[in-house]
Every structure is written in structure tokens, then in C-alpha cells.
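Overview (structure and organization)
Here is what each chain is made of, one letter per residue.
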Amino acid sequence: MNNSLQVIDNAEVIAIASQLLLVAAVFQISDGIQVVVLGALRGLQDVKIPMYITFVAYWIIGFPISFYLGIYTELKATGIWIGLLAGLTAAALFLYIRLND
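What this report covers is the structure whose coordinates are included nearby. (Residues numbered from 1 in each chain as written. Predicted model: local features only at pLDDT ≥ 70, side-chain atom pairs only at ≥ 80, totals over all residues. Heavy atoms only, no water.)

1. Some details on the overall build of the protein
Note the following rule: Segments assigned H or I by DSSP are reported as helices when at least four residues long, segments assigned E as strands when at least two residues long, and all are numbered from the N terminus. Each residue is assigned to one of three classes by its accessible area relative to the maximum for its type, calculated with a 1.4 Å probe on protein chains only: buried under 20%, partly exposed between the two thresholds, exposed over 50%. Exposure was quantified through the Shrake-Rupley algorithm and a 1.4 Å probe, taking into account, for residues, occlusion by the shown protein chains and nothing else. In summary, the charge assignment counts Lys and Arg as positive and Asp and Glu as negative, without counting His or the chain termini. The location of each charge is read from NZ of Lys, CZ of Arg, CG of Asp or CD of Glu.
When its secondary structure is counted, the protein shows three helices and zero strands. Within the protein, the proportion of its 101 residues that are buried is 27%. Accessible surface for the protein amounts to roughly 6900 Å². Of this, 72% is attributable to carbon and sulfur atoms. In the protein, which carries 4 positive and 6 negative side-chain charges, the distance between the mean positions of the two groups comes to 16 Å.

2. Looking at the environment of Leu85
Put simply, the rule reads: By definition in these notes, contact holds between two residues if any of their heavy atoms fall within 4.5 Å.
Counting through the fold element by element, Leu85 comes out in helix α3 (residues 77-100). Its relative accessible area of 14% is what places Leu85 among the buried residues. In sequence terms Leu85 and Phe27 are 58 residues apart; their C-alpha atoms lie 5.5 Å from each other. Beyond its immediate chain neighbours, meaning those up to four positions away, Leu85 contacts Val23, Val26, Phe27 and Ser30.

3. Let's talk about the environment of Ile53
Here Ile53 is to be found in helix α2 (residues 48-72). Apart from residues no more than four positions distant in its own chain, Ile53 is found in contact with Ala91, Phe94, Leu95 and Arg98.

4. A closer look at α2
As a reminder, the rule being used: Helix span is expected to be 1.5 Å times the residue number reduced by one. Two axes enter the bend calculation: one fitted to the seven residues ending at the residue in question, the other to the seven starting there, and the bend is the angle between them.
Under the 1.5 Å per step criterion, the end-to-end length of α2 is 35 Å for 25 residues, consistent within 8% with the ideal 36 Å. The sharpest bend along α2 comes to roughly 35 degrees, located at Gly62, with the proline Pro64 sitting one to four residues further on. Among the residues making up α2, those that are buried are Pro50, Ile53, Thr54, Ala57, Gly62, Ser66, Leu69 and Gly70.

5. Notes on unusual backbone geometry
In this structure, Gln45 takes a positive phi of about 65 degrees despite not being glycine. The residue Gln45 is located in the loop between α1 (3-43) and α2 in this model. The class for Gln45 is exposed, based on a relative accessible area of 70%. Of note in this structure, Lys76 is not a glycine but carries a positive phi near 50 degrees. By the element assignment, Lys76 lies in the loop between α2 and α3. Taking the relative accessible area as the measure of exposure, Lys76 reaches 42% and is therefore partly exposed.

What is shown is where atoms sit, not what they do.
Okay, here's the thing in C-alpha cells:
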């Protein structure tokens, strides 16, 4: 492999990885909230409504956003992670609202 081509490939990989790491950092916040709230709801024996909430958040919100951003925009891999983040954030928000009702 040509050294200049390898440097370009490395720069591209570093750029993509740095974008994904930023999304993953925010992902951790939403994931932490979602896990704690879901655990609290399980402890309260509330499992049926949270199941529906997580289904809607992941499959109705997160998956379509991931698909659209990953396929139809320039974001590609970062777009997929943004969609996952959107679904996880929606789950965290809706579960938190459920816990406080």
C-alpha cells in the first residue's frame, strides 16, 4: 500500500471515530438514565407499559432515524448512532415520565 494512501485512510478513520466517540459520549448519559429508571420501574413491578415504551422508542423512533440518516444522508455511520441515540433518549424521557406519574 502506498504511504500517502495509508495516511489518507488513517485520517479518514480518525475523523469517523472521533465523530462516533462524541455521539457515544452523549449516548452514555441517555443510557444511564434509561437503565436506572427502567430498573426502578421493574422494582415497582411495572413492566408492561415500559415494554411498550421501549418498543416505540427503539423501533418507531430510533430505527427509522438510524435508517434514514445512515442511508440517505452524508452522516453514514454517525447517522446510525445518532438514530440509536434518539431512540435511547426517547426511551429515557418516556420512562422517566412514567416513573413520575
